[in-house]
Amino acid sequence: LKMSWFWFYLPLHLLMAACLCHSIKAPTTSSQQSFQTDLFNFYHSLILADGKETTIHLLKDIPKRYYFALEEGRALAPFTITVTPCDVPIEWSILVHKASATFLGKTARGDHNTQEVSKSQKAPSMVSTIFNYKGNSVETYMGMSSHSALYMLEFLSTERDTHITVYLTTDTTSGHLYPELPMDPRIDVIGTGHTTVTLTWKHSPSVLQNRENIQYCLLVNVKHNYKSLCAAETAIRSSGMKLPPTLALSLSPYLLEPQQVMILSNSELSIINKASSGEVRQICVGAKNTYTVPNLSPSTQYYFDVFVVNLLTNASAAYTGTFARTLEEPEPKVMELKDGKVIQVVLDGKKQKFYSLQYQARHKKIQFTFQLCRGQVRVHITKNGKTVASENISGLRYFSLKGKLLDTYLVQLRSTEESNSSVKVQVSPRFHKPLFPLLPESLKIKSFSKLRTCNSVTIAWLGTQEESKYCVYKKRIEEDEVWMELRSADRCSGPQSRHKSEKVLCKYFYDINLQRAVTTETIKGLDAGTLYLFDVYLFGPSGIPVRYHSKVVKTRKKC
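Owing to the predicted nature of the structure, the values given are computational and were not obtained by experimental measurement. (Residues numbered from 1 in each chain as written. Predicted model: local features only at pLDDT ≥ 70, side-chain atom pairs only at ≥ 80, totals over all residues. Heavy atoms only, no water.)

Visitor: For this particular structure, what's the right way to read the overall build of the chain?
Guide: Secondary structure assignment for the chain yields five helices and 39 strands. Residues counted as buried form 45% of the 559 residues belonging to the chain. A separation threshold of at least 6 residues defines the contact pool for the chain, and within that pool the share at least 24 residues apart is 75%. For the chain, the exposed surface amounts to about 29800 Å²; the carbon and sulfur share of it is 51%. (Helix = DSSP H or I, 4+ residues; strand = E, 2+ residues; numbered from the N terminus. Buried < 20%, exposed > 50% of the residue type's maximum accessible area, 1.4 Å probe, protein only. Contact = heavy atoms within 4.5 Å. Areas by Shrake-Rupley, 256 points an atom, 1.4 Å probe, with all protein chains shown as cover.)

This is the structure we're talking about:
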């Protein structure tokens, strides 16, 4: 870095004077004390703390300088400095001011863009650059001086405003702030699937010694690898996800799903679910050194980083990141539809995948019939690759289509709920006799509150202009069963799934005038103050039933 020697020497000599004043134990005059106090107040923010990780914010193209002095009176004074860029590459240098010293130093890593200077400076008050580096990797410098010396660190960001962390320590005997990496810090990909990638890595010595407080955390994204946890946290914030200012990653198996991460900060817990494309997904896996990443997208390249994290201090060390591409998704199986045949399809709500049915027309006019049995279903129909219908269905739905002989229709079905859905599907020439009965305007069952007694209930439902058979069933239920009964009801199932004791009656009726196509029924022999679930089944000429919407009614307690 280009240095202004004047600005180095001025604070340097003032700091040395301050250090000398601070080390003198003889009485000082009030003016000396005042000078000493003013110096330390002025330079307090520039002195790098020993044994503590310091966060430094850098403005673009504005260098920032920090100082530290090695303890006087020691034959050899070892020290290490670790700098972690949290975003863009930075430049940083170490300069030393010493009267006479034989300096020995080396970097912890042999990067090609790291320069080291080892000189003997015998002239008094000489300043020399002993180390400089440019990049975004975590870099550690280890040095040792035979005499007291004053050091300056200068940091510069030329791309944009950013922040870094700096850790200085002169105590090399009481352990490391950062967890140790193994001799081989690579991550190996041992398996890939359509939606999963299995990774393994060699154990950190720190994890083997302290499994409770030091664990592995995995980061997954589709952009690039991260060289530090600090850089990953910056990326998460920039993607719009809210994170606490000081965070530590932790794993709690009984709280978290595999696709979630718990962030612990000042005793505050928050859960981040699987991130959307472009964001960073964080997964802490405890002391395991093999993990299968779930819920990935097929045919997508992902980047994986593993960090060994001290949960007490949030200090971390990064393994060498890797990447892998998931396998291509296999072509979905397509089932052939045949004229007049009814099939029932169960759709997986969790996977949210389309189920495909294909039909080749043998007539110009055809009709698709869909009967929703459970849940919510989206139907998408194409003819020779062009969309002809697309909507969410409920109850019974018909699609009458016109085309040419041998037109190819593709029906795609998908559950729109997280729970499973099911639907019955039939295709037939339009002029064929309909498989399902003619339906009334509404499939709701109405009850009359004023006609309720302690042992009877009166219900009503709509009919049609076509004579059909209607069967009524009842079931006694408890208060806490109502929601589940209504939710899980299979609207495609017929009376054959019901117990014989639940059958109340069957009757035929119709009316040419739709305004009068209504029937009522009073069900007797009920218990007082009791909930009952009532169902009505409509049977058409083909014998396939359609179930009305269930109705829950409670008899009166007192009469």
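Past the structure itself, the notes keep going.
Visitor: Please explain the state of the cysteines as it appears in this structure.
Guide: In a disulfide, the sulfur atoms of two cysteines are covalently bonded to one another. All chains considered together, the criterion is met by five disulfides. Across a sulfur-sulfur distance of 1.5 Å, Cys 86 and Cys 230 are joined as a disulfide pair. Handedness here is read from the sign of the S-S torsion; for Cys 86 and Cys 230, about 100 degrees, the answer is right-handed. Of this pair, Cys 86 sits in the loop between β3 (77-85) and β4 (90-98) while Cys 230 sits in helix α4 (residues 229-238), and the two are 144 residues apart along the sequence. Given the relative accessible area of 1%, Cys 86 is considered buried. Across the disulfide from Cys 217 sits Cys 284; the S-S distance is 2.1 Å. In this structure the cystine formed by Cys 217 and Cys 284 twists about its S-S bond by roughly 95 degrees; its chirality is therefore right-handed. Of this pair, Cys 217 sits in strand β14 (residues 214-221) while Cys 284 sits in strand β18 (residues 281-286), and the two are 67 residues apart along the sequence. (Disulfide = S-S within 2.5 Å.)

Visitor: Would you take a moment to explain the pairing of strand β19 (residues 290-293) for this structure?
Guide: Successive side chains on a regular strand alternate, one facing one side of the sheet and the next facing the other. Judged by which residues are buried, β19 turns out to be one-sided: Tyr 291 and Val 293 face inward and are buried, whereas Thr 290 and Thr 292, on the alternate face, are not. In terms of strand pairing, strand β13 (residues 197-201) meets β19 through four bridges, oriented antiparallel. For Leu 199, the partnering residue across the bridge sits in β19 and is Tyr 291. (Pairing = 2+ DSSP bridges.)

Visitor: How do you make sense of the pattern of salt bridges when you look at a structure like this?
Guide: Note that side chains of opposite charge can pair when their charged atoms are close. In the structure shown here, the tally under the stated rule is 13 salt bridges. Salt-bridge contacts for Lys 202 lead to Asp 184; the nearest nitrogen and oxygen are separated by 3.5 Å. Residue Lys 202 is found in the loop between β13 and α3 (205-209), and its partner Asp 184 is found in the loop between β11 (162-169) and β12 (187-192); the two are separated by 18 residues along the sequence. Where salt bridges share partners, they join Arg 498, Glu 502, Asp 535 and Arg 547 into one cluster. (Salt bridge = Lys/Arg side-chain N within 4 Å of Asp/Glu carboxyl O.)

Visitor: How do you make sense of the environment of Leu 156 when you look at a structure like this?
Guide: Topologically, Leu 156 is positioned in strand β10 (residues 150-156). Sequence spacing of Leu 156 and Glu 91 is 65 residues, and the spatial spacing of their C-alpha atoms is 5.2 Å.

Visitor: Mind showing me how you'd approach the nonpolar core here?
Guide: Burial of nonpolar side chains together is a common tendency in soluble globular proteins. With 25 residues, the main nonpolar core has Phe 68, Ile 81, Trp 92, Ile 94, Tyr 151, Phe 155 and Val 166 as its most contacted residues. For this core, the secondary structure elements donating two or more residues are β1 (52-58), β2 (64-69), β3, β4, β8 (126-135), β10 and β11. Not counting residues up to four positions away in its chain, the partners in contact with Ile 94 are Ile 81, Ser 128, Thr 129, Ile 130, Phe 131, Tyr 141, Tyr 151, Met 152 and Leu 153. Counting 24 residues, the second-largest nonpolar core is a separate cluster that includes Leu 337, Ile 343, Ile 381 and Val 427. (Core = buried A, V, L, I, M, F, W, Y, C linked by side-chain atoms within 4.5 Å.)

Visitor: Honestly, the packing of aromatic side chains in this entry has me stumped. Any pointers?
Guide: On inspection of all chains with the given rule, the structure shows 21 aromatic pairs. A centroid spacing of 5.7 Å and a plane angle of 80 degrees characterise the contact between Phe 370 and Phe 399, whose relative ring orientation is edge-to-face. With Phe 370 in strand β26 (residues 365-374) and Phe 399 in strand β29 (residues 396-402), this residue pair connects regions lying 29 residues apart in the sequence. With a relative accessible area of 7%, Phe 399 lands in the buried category. Taking 4.8 Å as the distance between ring centres and 35 degrees as the angle between the ring planes, the aromatic pair formed by Tyr 470 and Phe 509 counts as tilted. Linking Tyr 470 in strand β34 (residues 468-477) with Phe 509 in strand β35 (residues 503-509), this pair joins segments that are 39 residues apart in sequence. (Phe/Tyr/Trp six-rings, centres within 6.5 Å; stacked < 30°, edge-to-face > 60°.)

Visitor: What exactly am I supposed to notice about unusual backbone geometry here?
Guide: Trans is the common state for peptide bonds, and a negative phi is the common state for residues other than glycine. Of note in this structure, Asn 295 is not a glycine but carries a positive phi near 60 degrees. By the secondary structure assignment, Asn 295 is in the loop between β19 and β20 (301-310). Although it is not a glycine, Leu 406 adopts a positive phi angle of roughly 70 degrees. Look at Leu 406 and you get exposed, because its relative accessible area is 57%.

Visitor: So what exactly am I meant to see when it comes to the sheet that holds strand β27 (residues 377-383) here?
Guide: Backbone-to-backbone hydrogen bonds pair the strands of a sheet. The strands run either parallel or antiparallel. Judged by pairing direction, the sheet is mixed, and its five strands sit side by side in the order β23-β25-β30-β27-β28 without closing on themselves. Two strands in the sheet have a free side with no partner beyond their single neighbour: β23 (334-336) and β28 (386-393). Between one strand and the next, the sheet's axes are offset by a mean angle of 20 degrees, whatever the strand orientation. In terms of strand pairing, β27 meets β28 through seven bridges, oriented antiparallel. (Axes fitted to C-alpha atoms, helices over the stretch in contact; angles between N-to-C directions.)

Visitor: I would appreciate a short explanation of the sheet that holds β26 in the present structure.
Guide: Across the sheet, four strands lie side by side as β24-β31-β26-β29; this open sheet has antiparallel pairing. Each end of this open sheet is capped by a strand with a single partner; those strands are β24 (343-347) and β29. Neighbour-to-neighbour, the strand axes of the sheet open up by a mean angle of 25 degrees, direction not taken into account. Two elements, β26 and β29, share seven bridges in a ladder whose sense is antiparallel. Each bridged residue has a counterpart across the sheet, and for Phe 370 the counterpart in β29 is Arg 397.

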